[in-house]
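A closer look at the structure
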Amino acid sequence: MHPYVAKIKKKMPAAAQFPPSGDKRYKILETAMKRHQHKPDALIEVLHTAQELFGYLENDLLLYVAHCLKLPPSRVFGVATFYHFFNLKPKGKHTCVICMGTACYVKGADKLLASIEQVAGIKAGETTADGEVSLLTARCIGACGIAPAVVFDNAVTARVLPATAVERVKGWMQHGS
Amino acid sequence: MAAKTLTIDGRLVGAHENQTVLEAASEAGIKIPTLCHLDGIADAGACRLCLVEVAGSPRLHPACVLKVAEGMEIKTQSERLRKYRRLLLELLFAERNHVCAVCVANGHCELQDLAMDLGMDHVRYQYRFQPFAVDVTHRLFGLDHNRCVLCTRCVRVCSEVEGAHTWDMEGRGAKARVITDLKQPWGEADSCTSCGKCVHGCPTGALFFQGSTVGEMERDRTRLEFIVTAREKKQWIA
Amino acid sequence: MVLNDLLEIKERERKARKGTVLRCCVAAGCLSANSQAVKDGLDKAVKEKGLEGQVEVRGVGCMGLCCQGPLVQEDPAETLYVKVNPEDAPAIVDALGKNPAPGLPTTDPHAPFFKKQMPVVLENCGRIDPERIESYIAEDGYLALHDVILEMTPKEVVENVVKSGLRGRGGAGYPTGLKWATVAKTVGERKFVICNADEGDPGAFMDRSVLESDPHRVLEGMAVAAYAVGASQGYIYVRAEYPLAISRLQAAIRQAKQYGLLGGGIFESPFNFNVEIRIGAGAFVCGEETALMSSVEGKRGSPRPRPPFPAESGLWGNPTLINNVETYANVPVIIRKGAEWFSAIGTEKSKGTKVFALAGKIRNTGLIEVPMGVPLREIVEEMGGGVPDGSEVKAVQTGGPSGGCIPAAALDIPVDYESLAKVGSIMGSGGMIVMDEDTNMVDVARFFMEFCMDESCGKCVPCRTGTVQMHQLLDKIIQKRGAAEDLERLEELCDVVKNTSLCGLGQTAPNPVLSTLRFFRHEYLELLKQRETGAQPPA
Ligand SMILES: Cc1cc2nc3c(=O)[nH]c(=O)nc-3n(C[C@H](O)[C@H](O)[C@H](O)COP(=O)(O)O)c2cc1C
Ligand code: SF4
Ligand code: SF4
Ligand code: FES
Ligand code: FES
């Protein structure tokens, strides 16, 4: 057992287990790792699955993955922070991803971003204090033909105007309060 | 092992076929500046200070990873190379806070030595550093990110020689930093065996022994070499 | 599966074809304009009118004119409806076989945008159903793989590709045949082939369209390559931003396995080939081949110095062939129609066609495929329809963050590897962004520099620290705080970053700055001149 896992276990109340056995998500994650025969080269696939299940990658989860794939925790942390796709903090209930690819940029994505940053009171990469909205930017989502493109909660939207975008985000924020 | 003959700075030099240009040069007493290279661990080719010119190739090649070849013609010194090396050092000095006068490694720092050797005496670029807190949670050692040049020697030494792999890199680009375990304070990184190899391997004052004061921190690279030779060759040469 | 089975599927599929086909684009661009609802509406309308026997509604990949989506085309009448609403479906079905439905917008399928294209890689794109392998087989799919395995030696396959003159479509334009030959002759217990579908250029969507519209073509190309170089395992590295491409690839791999076109003993020969998908996680640098392999191995996507090249020491130290999506997509046609046929297209040094993603300030944005060597002007003005709103073209950007801006004055150059390099740009992977008079070129340079700065892996000193410094200098110049020595410093940094960086990202990061300095230097000087005295920052 990794000294670190041992320590976590020690800190837990006697009845608790690591990973928490009641949490079905760990089972699904374990199945995914088994499918990769717990090979260390599956780390990125496993982190994808973990993030899908848990929404973000917190330290205990990273540690669990490190333990199961027999990798040093620092290496798992290094990989998780190298790639933009992985979040180590929880995301907002809603996400707004603004494409900042070249085509969207020349069609005014920067102005789009500025107007949303203003109305939401956050910068790209941040989440509103109430946890409602996360504002993200992407390096080209491959929808350049319909620039500028914005992804509102997983739905790619074509030729977005600042006013429409502001409207959407405002709607989410009011809904939450 | 087949022997190869190559020319380095106009001198004929013999080498084994698996050697790098850096090794061949150093055996022949030709000095090539290096920073991310450390004898005994794998090379990263990251600092780019060891770049040399190879006849017939339009690109510059890092001597630390370039394998020797028969008839190769290498130039380790030229106006162009010196200029690039100086600029690279200047960029490094502008990246973080390298105020030597208050550094524990003052006088025993590879970065400082390189700057002196290459005549890099002032920085024209905008200083970028944002001050980092110094981590002194470890009972024996300390980590000062402000002095780190991200050479990853600590990462490699810890992983390859000690086998603990306590260190790794977090993030990427200008945001990259060295971390221990899951980025907790070094003192709480359970995988650390407190062997001190990373401290011995660090080229600057970024990793230091607790209690050292300005200019006092000396490292003992021979200790690392001793262990590496012992591991690899089963020879204990004290 | 043997040849007869393949031909039988083809026959069956062709016979089952109905007299009228409504092709509805369900690729990413049109999907985001609600084309799935359009397709469902068409399905429903056909059913309600009892026309199922005569009319097929086929979901197809990208039809090219993405800016006008959702697109629906009626065959054989060729009517091409644009910007279709789901409510229009009954009217379209009513009008089948007659004049176009009244009141619905259509566009001319013989307009230059379509007419000037030469579909080779995209021959099936927008025609076949990407989710059914039979639809691909009906267009002679997997025939090339059959011929290769049963009638050619690996050496002959490599020679064929050499003869075709195909060059890599991922950016650098390295001769594909030469690369295959190197991997083929390198000894190794295991060998791998990798398809680079990371498509990181932030203005490009060619590879995505190919994967979404004709995924089997890429699998077939990879299988041919694997046979030629002696590999039995392949990986496709797709960026996570392309979920649709990933799911279509997964479906395609599953179907190909069921039919015995992938897996063990393909075409009942001893040749085995398996393909696995690896999903990226948002890092542009992972398009660089050594970084990509490091990522496939589950590590941080940091490049390593080359040599050794992947062909000698790639995945887990084994000889590895890595090619781009479009490169592989060219392979089946080269085998089917012959190397001579292929090398007759294009120019002397750039053979075949190239797919471009046309975007930016231009009327027709979308996907086009043209023979190498067409004048850039023809693409921009005739096919693209020029700049809307009465503005003029100022520059065309190709090659993304590694490329450059071609000024309007150079629009007459032919589009091939060498000519683009001569004007300080590169072919790149196929992003082509048109910029009009309103575009500030220094801002464009800063945009790309910011991209490179954010995407630098941070391993080597010049790229990690140099991009930050260059970005800061550009910022300073744009904010009219720059002085003459800032421009000098910028040029000096371009030189050191270009020549000392470890990988292609850093080596090409200065290109957008160098090219705008070369053609639009006056814009920089103008900003320096406008420097507000008094607001001078401390040195
Ligand atoms: C920073 C960087 C990003 C790259 N991105 C891609 C990419 O997204 N797709 C691609 O096919 N090649 C990309 N390449 C080129 C690859 O390294 C490699 O040359 C290519 O995949 C080889 O395939 P080809 O010979 O078929 O072009 C990139 C190179 C660099 C330096
Ligand atoms: S701490 Fe020292 S050894 Fe480690 S990366 Fe920084 S400078 Fe290099
Ligand atoms: S050039 Fe940039 S991306 Fe490439 S290795 Fe260096 S830091 Fe990393
Ligand atoms: S010593 Fe060779 S690149 Fe650093
Ligand atoms: S996505 Fe439908 S035409 Fe391109």
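Residues numbered from 1 in each chain as written. Chains lettered and ligands numbered in written order. Predicted model: local features only at pLDDT ≥ 70, side-chain atom pairs only at ≥ 80, totals over all residues. Heavy atoms only, no water.

Regarding the overall build of chain C
For chain C, the count of helices and strands is 23 helices and 14 strands. For 539 residues, the compact-globule estimate of 2.2 N^0.38 gives 24 Å, and the C-alpha radius of gyration of chain C, at 24 Å, lies within 12% of that figure. Considering only C-alpha atoms, chain C reaches an extent of 80 × 65 × 40 Å along its principal axes. Across the 539 residues of chain C, 65% fall into the buried class. (Helix = DSSP H or I, 4+ residues; strand = E, 2+ residues; numbered from the N terminus. Rg over C-alpha atoms; globule rule 2.2 N^0.38 Å. Buried < 20%, exposed > 50% of the residue type's maximum accessible area, 1.4 Å probe, protein only.)

Digging into the overall build of chain A
Counting its secondary structure elements, chain A contains 8 helices and 4 strands. Expressed as a percentage of its 177 residues, the buried residues of chain A come to 54%. Long-range contacts, defined here as pairs at least 24 residues apart, represent 60% of the contacts in chain A between residues at least 6 apart. When the accessible surface of chain A is summed, it comes to about 8300 Å², and 55% of that surface belongs to carbon and sulfur atoms. (Contact = heavy atoms within 4.5 Å. Areas by Shrake-Rupley, 256 points an atom, 1.4 Å probe, with all protein chains shown as cover.)

Brief notes about the site of ligand 1
All names here are of chain C. Lining the immediate surroundings of ligand 1 are 18 residues, of which G170, K179, N323, N324 and T327 lie closest. The contact in question runs from an oxygen atom of ligand 1 to an N or O atom on the backbone of E289, over 3.1 Å. Protein burial of ligand 1: of its 600 Å² of free accessible surface, 89% is covered by the chains. Within the residue set of the shell around ligand 1, elements represented by two or more residues are β9 (320-324) and α21 (504-508). For the shell around ligand 1, the per-class residue count stands at 3 nonpolar, 9 polar and 6 charged. (Near = heavy atom within 4 Å. Polar contact = N/O pair within 3.5 Å; in protein donor to acceptor, adjacent residues only side chain to side chain. Nonpolar A, V, L, I, M, F, W, Y, C, P; charged D, E, K, R; others polar.)

Things to note about the domain arrangement of chain C
Residues and elements named next belong to chain C. As assigned here, chain C comprises domain 1 (18-108), domain 2 (141-343), domain 3 (353-436) and domain 4 (441-533). Between domain 3 and domain 4, the residue contacts involve 14 residues of the former and 15 residues of the latter. Taking both sides of the interface into account, the surface hidden between domain 3 and domain 4 amounts to around 1100 Å²; carbon and sulfur atoms contribute 67%. In this structure, the connection of domain 3 to domain 4 is made through 1 salt bridge. E523 is the partner of K394 in a salt bridge, and the nearest nitrogen-oxygen pair spans 2.7 Å. Between the two partners, domain 3 and domain 4, sit 5 residue pairs in polar contact (both at pLDDT 80 or more). Of all the secondary structure elements, the ones that give two or more residues to the side of domain 3 that touches domain 4 are β12 (393-398) and β13 (404-407). Grouping the constituent residues of the side of domain 3 that touches domain 4 by class yields 6 nonpolar, 6 polar and 2 charged. (Domains from an automatic or database assignment. Buried area = accessible area lost by both parts, 1.4 Å probe. Salt bridge = Lys/Arg side-chain N within 4 Å of Asp/Glu carboxyl O.)

Observations concerning the nonpolar core
Within the largest apolar cluster, 152 residues are counted, with the highest numbers of intra-cluster contacts made by I98(A), Y142(C), W180(C) and F273(C). For this core, the element with the most residues is helix α11 (residues 215-229) of chain C, which contributes 10 residues. Apart from residues lying up to four places away in sequence, W180(C) is in contact with V157(C), V158(C), V161(C), V224(C), A225(C), A228(C), V229(C), L321(C), N323(C) and V331(C). Counting residues in each nonpolar core, the second largest holds 72 residues, with L35(B), C36(B), A445(C) and C494(C) among its members. (Core = buried A, V, L, I, M, F, W, Y, C linked by side-chain atoms within 4.5 Å.)

Comments concerning the sheet that holds strand β14 (residues 431-436) of chain C
Residue and element names in this part refer to chain C. The sheet built from 5 strands is open, its strands ordered β11-β10-β14-β12-β13 with mixed pairing. Edge strands, defined here as strands with exactly one partner in the open sheet, are β11 (366-371) and β13. Strand after strand, the sheet turns through a mean of 30° between neighbouring axes, direction not considered. Bridge count for strand β10 (residues 353-360) against β11 is 6 bridges, and the pairing is antiparallel. Across the sheet, A357 pairs through a bridge with L367, a residue of β11. Sheet contacts for helix α10 (residues 206-213): β10, β11 and β14; angle to β10, the most-contacted strand, approximately 115°. (Pairing = 2+ DSSP bridges. Axes fitted to C-alpha atoms, helices over the stretch in contact; angles between N-to-C directions.)

Some words on the interface of chain A and chain C
Counting residues at the interface gives 32 residues for chain A, matched by 47 residues for chain C. Summing both partners gives a buried area of about 3300 Å² for chain A against chain C, and 57% of it is carried by carbon and sulfur. Taken as a group, F82(A), T102(A) and R139(A) account for 21% of the area that chain A buries against chain C, more than any other trio of residues on that side. Applying the counting criterion to the chain A and chain C interface returns 1 salt bridge. Note that R278(C) and D41(A) form a salt bridge whose closest N and O atoms lie 3.5 Å from each other. Across the chain A-chain C interface, the total number found is 13 residue pairs in polar contact (both at pLDDT 80 or more).

Comments concerning the site of ligand 3
Near ligand 3 there are 13 residues, and of these C457(C), C460(C), C463(C), C503(C) and G506(C) occur at the shortest range. Its residues assigned to classes, the shell around ligand 3 comprises 8 nonpolar, 4 polar and 1 charged.

A few points about the pattern of salt bridges
All names here are of chain C. Under the counting rule described, the total for this entry stands at 50 salt bridges over all chains. The residue K49 makes a salt bridge to D94 at a minimum N-O spacing of 3.4 Å. In this pair, K49 is assigned in the loop between α3 (35-48) and β2 (55-60) and D94 in helix α4 (residues 89-94), connecting sequence segments 45 residues apart. The class of D94 is partly exposed, set by a relative accessible area of 42%. Between K116 and E378 there is a salt bridge, with its nearest N and O atoms 3.2 Å apart. Taken together, the residues K116 in the loop between α5 (112-115) and α6 (133-137) and E378 in helix α16 (residues 376-383) connect sequence positions 262 residues apart. Using a relative accessible area of 30% as the deciding quantity, one classes K116 as partly exposed.

A word on the packing of aromatic side chains
Residue and element names in this part refer to chain C. According to the stated counting rule, one finds 18 aromatic pairs over all chains in the structure shown. Ring geometry for F192 and Y235: centres 6.1 Å apart, planes at 40°, overall tilted. With F192 in strand β6 (residues 192-197) and Y235 in strand β7 (residues 233-238), the pair connects residues that are 43 residues apart, well separated along the chain. For the ring pair Y227 and F271, a centre distance of 5.4 Å and an interplane angle of 85° mean the geometry is edge-to-face. With Y227 in helix α11 and F271 in the loop between α12 (243-258) and β8 (274-279), the pair connects residues that are 44 residues apart, well separated along the chain. (Phe/Tyr/Trp six-rings, centres within 6.5 Å; stacked < 30°, edge-to-face > 60°.)

Section: the confidence of the model for chain C
Averaged over every residue, the pLDDT of chain C is 94; the share at 70 or more is 99%. Here the predicted complex carries an ipTM of 0.92, next to a pTM of 0.93. (pLDDT = per-residue confidence, 0-100.)

Focus: the interface of chain A and chain B
Taken together, the contacts link 17 residues of chain A with 16 residues of chain B. Regarding the contact of chain A and chain B, the summed buried area is about 1400 Å², with carbon and sulfur atoms giving 62% of it. Put simply, chain A and chain B have 0 salt bridges between them. At the boundary of chain A with chain B, the tally comes to 6 residue pairs in polar contact (both at pLDDT 80 or more). Of the residues in the side of chain A that touches chain B, the class split is 9 nonpolar, 6 polar and 2 charged.

Overview of the state of the cysteines
Counted according to the given criterion, the structure contains 0 disulfides over all chains. Not engaged in a disulfide, the cysteine C192(B) finds its nearest cysteine sulfur in C198(B); these two sulfurs lie 6.5 Å apart. (Disulfide = S-S within 2.5 Å.)

Quick word on the sheet that holds β8(C)
Adjacent strands of a sheet pair through backbone hydrogen bonds, lying either parallel or antiparallel. Residue and element names in this part refer to chain C. Within the open sheet, the 4 strands sit side by side as β8-β7-β6-β9. Their pairing is parallel. Among the strands making up the open sheet, the edge pair consists of β8 and β9. Mean inter-strand twist for the sheet, computed between neighbouring axes without regard to direction, equals 20°.

Points about helix α3 (residues 110-118) of chain B
Residues and elements named next belong to chain B. For α3, the complete set of buried residues consists of E110, L111, Q112, L114, A115 and L118. In the core, the buried residues of α3 are packed alongside α2 (79-95), α4 (153-162) and α6 (221-233). Note on α3: the residue one or two positions beyond its end, G119, has a positive phi of about 70°.

With respect to a nonpolar patch on the surface
A cluster of nonpolar side chains, V99(B), V102(B) and V214(B), forms an exposed patch at the surface whose accessible area comes to about 250 Å². Mapped onto the secondary structure, V214(B) falls in the loop between β9 (207-209) and α6. (Patch = residues over 30% accessible without salt bridge, like charges linked within 9 Å, V, L, I, M, F, W, Y side chains within 5 Å.)

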